[in-house]
Amino acid sequence: MRCSRPNPISRGPPNDAERKFQKLHPLLSRSILAPLAVIFFFAALPAGAQVAPDGGFSMPLKCALDRDCWIINVPDAAGDAKALDHRCGFRTYNGHKGTDFAVRDFRAVDEDANVVAAAPGLVTAARDGTDEYFKLTPGTRKLIGAKACGNGVIVQHSGGWESQYCHLRKGSVAVKLGDRVKRGDRLGNVGMSGQTEFPHVHVEFRDDGKAIDPFTGAAVGAGCNRPLRSLWRRDAGVKYPGFALYAAGFADHSPSAERVRSTARSPVSMPRHSAGLVLWAAMFGIQRGDVLKLRILDPSGAAIAVREIRFDRAQAWRMESTGRKMTAAGWAPGKWKGEANLERFVSGRTVTRRISVPLTVK
């Protein structure tokens, strides 16, 4: 899963703030060739890691990593047609220069997921008012147009560094040009502005205008399997993203991807004459060879639906489901359960992520 791009509905010439934003960072207003990313083109840095300002960068999002937010994509280290992350893995896509921190669903957006400054500095650009589109279609792509970052903020730090934050919620940007911010100060909220298919903040770090991978300290595109010199503060808890079975639930029909991204929750109960009984599971960061196992158990413990999927390719986001249509007698009232297990074979052992979903049928 990747980012998307913004272009508000035509509203006349840009205002002064918009002109300043575009003048300071004109590349933000150009068309983006990579379909789902915020792309900036800068020359590669010389070999050698950089030193981050003020002791390193903190989390750009107020959340508990791997519990209520997840790293989805990291910078593309390959610098060519074959996208590879800094470990020569697939947690990136071609031309991606930032790190994407995603929240569970649109409800988390409604609960004011705060985007914060990763280091102290000066706000050199801020944009708000760009519309949000919660479903990517040819029509919304056209409306998004050139403003891939959507609503965003750029903060200048010491030593020639700057950080950029994209896809903020319309109306949430809390700073303006010239503001001084401290580490952890709120810049806005996670949103769906710009070129994005899921609610997240895209954060990008640059040193003297050149994009830097915060996991290695090297220039983005400098190659994978380089010596690691993280620019993240130790207390930030940021690490290479693992795989996650982050949500599962019941529905009365096979849900769409948009529905799960909108509300990745499960009902507490369902009526016994529901048209169907479906268990779905949503995952981040799957890779080829991962196995998802789904089971729906009735009140007696018998499995009424079982499915096993072995994935044949890496994907940043994936949703699968299994279920059955209602029988003539309806569903047995009582305590039902859904089981979702995501398995990966790592270094001679199987690592499993599990979710058990209770459901009362009435």
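Residues numbered from 1 in each chain as written. Predicted model: local features only at pLDDT ≥ 70, side-chain atom pairs only at ≥ 80, totals over all residues. Heavy atoms only, no water.

Counting its secondary structure elements, the protein contains four helices and 20 strands. Within the span of the protein, comprising 362 residues, buried residues form 54% of the whole. Relative to all contacts within the protein whose residues are 6 or more apart in sequence, the contacts with residues 24 or more apart total 74%. When the accessible surface of the protein is split by element, carbon and sulfur atoms take 51% of a total near 15900 Å². (Helix = DSSP H or I, 4+ residues; strand = E, 2+ residues; numbered from the N terminus. Buried < 20%, exposed > 50% of the residue type's maximum accessible area, 1.4 Å probe, protein only. Contact = heavy atoms within 4.5 Å. Areas by Shrake-Rupley, 256 points an atom, 1.4 Å probe, with all protein chains shown as cover.)

The mixed open sheet is built from five strands, whose spatial order is β14-β20-β19-β16-β17. Unpaired on one side and paired on the other, β14 (269-270) and β17 (303-310) mark the two borders of the sheet. (Pairing = 2+ DSSP bridges.)

Here we come to unusual backbone geometry. In this structure, Asp-54 takes a positive phi of about 50 degrees despite not being glycine. Residues other than glycine seldom take positive phi values, yet Asp-208 does so here, at roughly 50 degrees. Looking at where Asp-208 falls in the secondary structure, it is placed in the loop between β11 (200-207) and β12 (210-212). For Asp-208, a relative accessible area of 56% puts it in the exposed group.

Once that is clear, we can look at the nonpolar core. One finds Phe-57, Leu-61, Phe-101, Val-153, Tyr-165 and Leu-187 to be the most contacted residues of the largest nonpolar core, which totals 38 residues. Non-local contacts of Leu-187, meaning those with residues more than four positions away in its chain, are made with Val-115, Val-116, Ala-117, Val-153, Val-155, Tyr-165, Leu-168, Ser-172, Val-173, Ala-174, Val-175 and Val-181. Counting 26 residues, the second-largest nonpolar core is a separate cluster that includes Ala-248, Ile-304, Ala-305 and Val-361. (Core = buried A, V, L, I, M, F, W, Y, C linked by side-chain atoms within 4.5 Å.)

Below, the discussion takes up the state of the cysteines. All told, the structure shown has three disulfides when counted by the stated rule. The residue that forms a disulfide with Cys-63 is Cys-69, at a sulfur-sulfur distance of 1.9 Å. The chirality of the disulfide connecting Cys-63 with Cys-69 is right-handed, given an S-S dihedral of about 65 degrees. Its relative accessible area of 0% is what places Cys-69 among the buried residues. The partner cysteine of Cys-88 in its disulfide is Cys-224, sulfur to sulfur 1.9 Å. In this structure the cystine formed by Cys-88 and Cys-224 twists about its S-S bond by roughly 90 degrees; its chirality is therefore right-handed. With a gap of 136 residues between them, Cys-88 in the loop between β2 (69-73) and β3 (99-103) and Cys-224 in the loop between β12 and β13 (244-251) connect regions that are remote in the sequence. (Disulfide = S-S within 2.5 Å.)

Here the focus is the environment of Trp-280. Relative to the helices and strands, Trp-280 is located in strand β15 (residues 276-286). Overall, the relative accessible area of 0% leaves Trp-280 in the buried class. Residues Trp-280 and Gly-323, 43 residues apart in the sequence, show an inter-C-alpha distance of 8.6 Å.

Time to look at the environment of Val-351. Considering the arrangement of structural elements, one finds Val-351 in strand β20 (residues 349-361). Residues Val-351 and Phe-243, 108 residues apart in the sequence, show an inter-C-alpha distance of 10.0 Å. Once residues within four sequence positions are removed from consideration, Val-351 is found in contact with Phe-243, Leu-342, Glu-343, Arg-344 and Val-346.

Here we come to the environment of Ala-83. Among the secondary structure elements, Ala-83 is positioned in the loop between β2 and β3. For Ala-83, a relative accessible area of 18% puts it in the buried group. Taking C-alpha positions, Ala-83 is 5.1 Å from Tyr-93, a pair spaced ten residues apart along the chain.

This part covers the sheet that holds strand β18 (residues 315-325). Pairing in this open sheet of three strands is antiparallel, and the strands run β13-β15-β18 from one edge to the other. At either end of the open sheet lies a strand with only one pairing partner, and these are β13 and β18. If you compare each strand with its neighbour and ignore which way they point, the axes differ by 15 degrees on average. In terms of strand pairing, β13 meets β15 through seven bridges, oriented antiparallel. (Axes fitted to C-alpha atoms, helices over the stretch in contact; angles between N-to-C directions.)

Let us look at the pattern of salt bridges. Applying the stated criterion across every chain yields a total of 15 salt bridges. A salt bridge links Lys-239 to Asp-66; the shortest N-O distance between them is 2.8 Å. Of this pair, Lys-239 sits in the loop between β12 and β13 while Asp-66 is found in the loop between α1 (16-24) and β2, placing the two residues 173 residues apart along the sequence. Through salt bridges that share partners, Glu-162, Glu-204 and Arg-206 make up one connected network. (Salt bridge = Lys/Arg side-chain N within 4 Å of Asp/Glu carboxyl O.)

Let us look at the pairing of β2. Within β2, five of the five residues are buried, which leaves the element mostly enclosed by the surrounding structure. As paired elements, β2 and β3 share four bridges and run antiparallel to each other. Across the sheet, Ile-71 pairs through a bridge with Phe-101, a residue of β3.

This part covers the packing of aromatic side chains. Evaluated as defined, the whole model comprises nine aromatic pairs. Centroid distance Tyr-246 to Phe-284: 4.1 Å. Interplanar angle 10 degrees. Geometry classified as stacked. In this pair, Tyr-246 is assigned in strand β13 and Phe-284 in strand β15, connecting sequence segments 38 residues apart. A residue is classified by how much of its surface remains accessible, and Tyr-246, at 6% relative accessible area, is buried. Taken together, the aromatic side chains of Phe-57, Phe-101, Trp-161, Phe-205, Phe-215 and Trp-232 make up a single cluster linked through ring pairs. When the ring centre of Trp-317 is taken as reference, the NZ or CZ atom of Arg-261 above it lies at 4.4 Å. (Phe/Tyr/Trp six-rings, centres within 6.5 Å; stacked < 30°, edge-to-face > 60°. Lys NZ or Arg CZ within 6 Å of the ring centre and 35° of its normal.)

Read these as geometric descriptors, not functional statements.
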